[in-house]
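Overview (structure and organization)
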Amino acid sequence: MNLNNFHKHVSHTIYKRGEEYYENDMIDNVGQDYPDTWTAEIEGSELYAVEVKLDGEEIVSWNCDCPYDQGNICKHIVAFFLYIKDNKGDYPVNIEIPHSPQQEQLTEILKHVSYKELTFFLSRYADTHPDFYQALLSNLHPQKKGNVQVDYAKEIQKCFHVNSSYDRYDYSHEGEIISGNLDSYIEKAKSLIKLNCTEEALTILLHIIKEIGDNYEEYDDYNGDLACVCQEASEIISEMIKSDLPDNLLKVITDEIGRMIKNSNYDNYDLANLNQLLFSISLKTSNFEDGIRIINEALKNEPDSFRTYSLVISKIELLENAGKKEEVKKVISHYLYLPEIRKIKLKELISEEQYEKAIALIDEGISLAEKKNHPGTVSDWKDEKLSVYKLTDNKEKVIELAEYLFVNGRESMKYYHILKSVIPSGKWAGYLDNFLLKSEKQKMWRIGGHILAQIYILEEYWDRLMTYVEKNIRLDKYCSLREYESYLKPRYPERMLAFYRSQIIDYADKNMGRDHYKYVADILKVMKDYPGGSEIADTLLAHFKSVYSRRRAMMEELEGI
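Residues numbered from 1 in each chain as written. Predicted model: local features only at pLDDT ≥ 70, side-chain atom pairs only at ≥ 80, totals over all residues. Heavy atoms only, no water.

Focus on the overall build of the chain
For clarity, the threshold we go by: The helix and strand labels rest on DSSP assignments: H or I over at least four residues marks a helix, E over at least two residues marks a strand, and numbering proceeds from the N terminus. As defined in this context, the radius of gyration uses C-alpha atoms, and a globule is described by 2.2 Å times the residue total to the power 0.38. Burial status follows relative accessibility: with a 1.4 Å probe on protein chains alone, a residue under 20% of its type maximum counts as buried, one over 50% as exposed, and anything between as partly exposed. Should any heavy atoms of two residues lie within 4.5 Å, those residues are considered in contact. To be clear on the numbers: accessible area is Shrake-Rupley with a 1.4 Å probe, and residue cover counts the displayed protein chains and nothing else. Residues scored as positive are Lys and Arg, those scored as negative are Asp and Glu, and His as well as the terminal groups of each chain are ignored. Just so you know, the charge point we use is NZ for Lys, CZ for Arg, CG for Asp and CD for Glu.
The helix and strand tally for the chain stands at 29 helices and four strands. For 561 residues, the compact-globule estimate of 2.2 N^0.38 gives 24 Å, and the chain exceeds it by more than 25% at 37 Å. Within the chain, buried positions represent 40% of all 561 residues. Within the chain, residue pairs in contact and separated by at least 24 positions form 59% of the contacts whose partners lie at least 6 positions apart. About 32500 Å² of surface is accessible on the chain, with carbon and sulfur atoms providing 49% of the total. Here the chain holds 70 positive side-chain charges and 95 negative ones, and the gap between their average locations is 9 Å.

Some points on unusual backbone geometry
Phi is positive for Asn29, which is not a glycine, with a value near 50°. Even without glycine at this site, Asp270 takes up a positive phi of about 50°. Examined against the element boundaries, Asp270 turns out to sit in the loop between α11 (265-268) and α12 (274-285).

As for helix α19 (residues 395-408)
The following threshold applies: One less than the number of residues in a helix, times 1.5 Å, gives the span that helix is expected to have.
Over its 14 residues, α19 runs 19 Å from end to end, which matches the ideal 20 Å to within 8%, given 1.5 Å per residue. All buried positions along α19 are accounted for by Val398, Ile399, Leu401, Ala402, Leu405, Phe406 and Val407.

Description of the nonpolar core
For clarity, the threshold we go by: Throughout this description, the term nonpolar core refers to a set of buried Ala, Val, Leu, Ile, Met, Phe, Trp, Tyr and Cys residues connected via side-chain atoms within 4.5 Å.
Leu182, Ile208, Ile212 and Tyr484 are the most contacted members of the largest nonpolar core, which totals 138 residues. Among the elements that take part in this core, helix α9 (residues 225-242) stands out by supplying nine residues, more than any other. Contacts of Leu182, omitting those with residues within four sequence positions, involve Ile156, Cys159, Phe160, Ile208, Ile212, Leu226 and Val229. Phe6, Cys64, Phe81 and Tyr83 belong to the second-largest nonpolar core, a separate cluster that totals 28 residues.

Side note on the sheet that holds strand β4 (residues 58-64)
Sheets are built from strands paired through backbone hydrogen bonds, the pairs being either parallel or antiparallel. Cut-off, in case you're wondering: Strand pairing follows a simple DSSP-based rule, namely that at least 2 bridges must link the two strands. Interaxial angle, 0 to 180 degrees, is taken between N-to-C directions of lines fitted to C-alpha atoms, where a helix line uses only the stretch in contact.
Reading across from one edge, β1-β2-β3-β4 is the order of the four strands in this open sheet, with antiparallel pairing throughout. The sheet terminates laterally at β1 (27-33) and β4, the two strands that pair on one side only. The average undirected angle you get between the axes of adjacent strands in this sheet is 15°. Relative to strand β3 (residues 47-55), strand β2 (residues 37-43) runs antiparallel, the two being bridged by seven bridges. What sits directly across from Ala40, in β3, is Val50. Helix α2 (residues 75-87) contacts β1, β2, β3 and β4 of the sheet and is inclined by roughly 50° relative to β3.

Structural notes on helix α7 (residues 174-194)
Using the following cut-off: Note on bend: the value at a residue is the angle between axes fitted to the seven residues ending there and to the seven starting there.
If you check α7, its first and last C-alpha atoms are 31 Å apart, about what 21 residues at 1.5 Å a residue would give, namely 30 Å. Leu182 marks the point of greatest bend in α7, at about 30°. Here α7 has its buried residues at Glu174, Gly175, Ile178, Ser179, Leu182, Tyr185, Ile186, Ala189 and Leu192. Structurally, α7 contributes buried residues whose contacts are with α6 (152-158), α8 (198-215) and α9. Just downstream of α7, Asn196 is the residue with a positive phi angle, here 65°.

Side note on the pairing of β4
Sheet analysis places β3 next to β4, joined by six bridges and oriented antiparallel. The residue bridging Val50 from the neighbouring strand is Cys64, located in β4. Between β3 and β4, which pair antiparallel in sequence order, lie two residues; one of them, Gly56, sits at a positive phi of approximately 70°.

Some details on a nonpolar patch on the surface
Test applied: Only residues above 30% relative accessible area that lack a salt bridge enter a patch, with like-charged residues linked at up to 9 Å and the nonpolar side chains Val, Leu, Ile, Met, Phe, Trp and Tyr linked at up to 5 Å. We define a salt bridge as a contact between a side-chain nitrogen of Lys or Arg and a carboxyl oxygen of Asp or Glu at a distance within 4 Å.
Taken together, the side chains of Leu106, Ile109, Leu110, Val113, Leu118, Phe121 and Tyr125 define a hydrophobic patch exposed on the protein surface, amounting to about 560 Å² of accessible area. At the level of secondary structure, the elements contributing two or more residues to the nonpolar patch comprise α3 (101-110) and α4 (115-128). Following the sequence through the fold, Leu110 ends up in helix α3. Owing to a relative accessible area of 40%, Leu110 belongs among the partly exposed residues under this scheme.

Regarding the packing of aromatic side chains
Cut-off, in case you're wondering: A pair of Phe, Tyr and Trp rings is counted when the ring centres sit within 6.5 Å of each other, with Trp represented by its six-membered ring. The angle between the planes then sorts it: under 30 degrees is stacked, over 60 is edge-to-face, the rest tilted.
Per the stated rule, a full pass over the model turns up 20 aromatic pairs. Ring geometry for Phe160 and Tyr219: centres 5.8 Å apart, planes at 50°, overall tilted. With Phe160 in the loop between α6 and α7 and Tyr219 in the loop between α8 and α9, the pair connects residues that are 59 residues apart, well separated along the chain. Residue Phe160 is classed as buried on the basis of its relative accessible area of 4%.

Some points on the packing of helix α20 (residues 412-422) against helix α23 (residues 449-459)
Heads up, the rule is: Should the near helix be turned anticlockwise from the far one by less than a right angle, the crossing is left-handed, and should it be turned clockwise, the crossing is right-handed. Side-chain classes follow a simple rule in which Ala, Val, Leu, Ile, Met, Phe, Trp, Tyr, Cys and Pro form the nonpolar group, Asp, Glu, Lys and Arg form the charged group, and the remainder, Gly included, forms the polar group.
Orientation of α20 relative to α23, taken along the N-to-C sense of each, is 35°, at an axis distance of 10 Å. In this structure, α20 crosses over α23, and the sense of that crossing is right-handed. In contact with Ser412, Met413, Tyr416, His417 and Lys420 of α20, α23 contributes Ile451, Gln454, Ile455, Leu458 and Glu459. Looking at the contact of α20 with α23, its residues break down into five nonpolar, three polar and two charged.

None of the figures reported here should be taken as evidence of function without further support.
Below, the structure written as structure tokens:
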């Protein structure tokens, strides 16, 4: 069998799969040693090592460490045969150099030495033998191998050639596999930085960031492993910028950011803070024009998206750092339709005590948010407005807005405390009573019953708290009355027992399973701890044993009472 006729010895299916592997460039780290031994790594679900021995065109032997067991030749070997056939002429013939007896002995010794042992010996020996140390640097330092060009774009792209794998919960591990492939390149970049090979390290890191950004949506990164690799690469570049990178490499980073910043994936998935890298470069070079140009190009494509704010903020920071105060004002004025930018202007007006202009600015923000149907933003602006009225001691407006935000805002208890601080203490009880009556009529999903319950506790409105529990709490194994029980048990033991009795009868009727039966038993134990509760709990226990006598698991749980 030779390189020209081996296809006759392989099934059609295996040959086609091997051909696909070869055509998709999934063969890596090819080596050719005397007399004619070829080695390589073939990408598959894992990285498989292959070895082929030839005698001219004749195939002497082959081996692959994949688990294929349906024939002598797997698809990985087919791919490698095709590679050797097409590329054999590009590899020089290695002529074996006769070894001296000492070299042969050393070769045999090294076969029994681990990487760790060899590294330790070389490090210790080089430390005490300057000539040997210099020889190592001269022959093995990466900078001395400048003539060996590595196509990192191609190498890193190969890291993304993976077959999907799923666990028993149907979670894909694509992101984990790819990130594992890329980790070795991250480590190589770190090592190159330590050896002052910054250009090569930077090339690796930029390709990693670019490929992840370009391909992120195509893969399932369930655990965020791939995003973490991208963030780490970005952080390493950030540290490189802070060091003494030459201007030509800073220009390389700037140009790459100019291309990558148009890809919203970096912001969508928090992959890399390109804006911050751009800002760091401008600080280092005192050249903000390139950064402004790049940001302006990105803003043309996204004048009002979720990432517009971060771009505008970066533009403002660049201009402020360059002392362009008037330009900053123009940018803020132009982007006032963005709530975050409007708040910058608002902060400026408040610091200058221009409160009427501040209120007008807020009202414009409210109007814009209402047109866009953004109720959360409307509430945020009303909260800002409340803060301004507090500064001007306009208590009437503070009360009006705090009442509105108690129902419609994000933090109801915050506005309860504001109201209590503004309403005179002598009028508080009457005001609160009316306010709660009005609030209790609001739909529970708008306020949240637990908010009212918190107020009842703070104000010691125990009867209202008891009524709230009776009307709104439904017992289940995920519901706890612990936060209310300590207040209600000593004050309303009869009502609490009646509540438990009616609820647990209904619960036992509607739920089956040992966890539910255990919960029923636990509630009966709680009831027994009430004054007069033992008799009621025993009656319920007898009832359950009679009605549900065929529920063996329930009987077992009830026996523990």
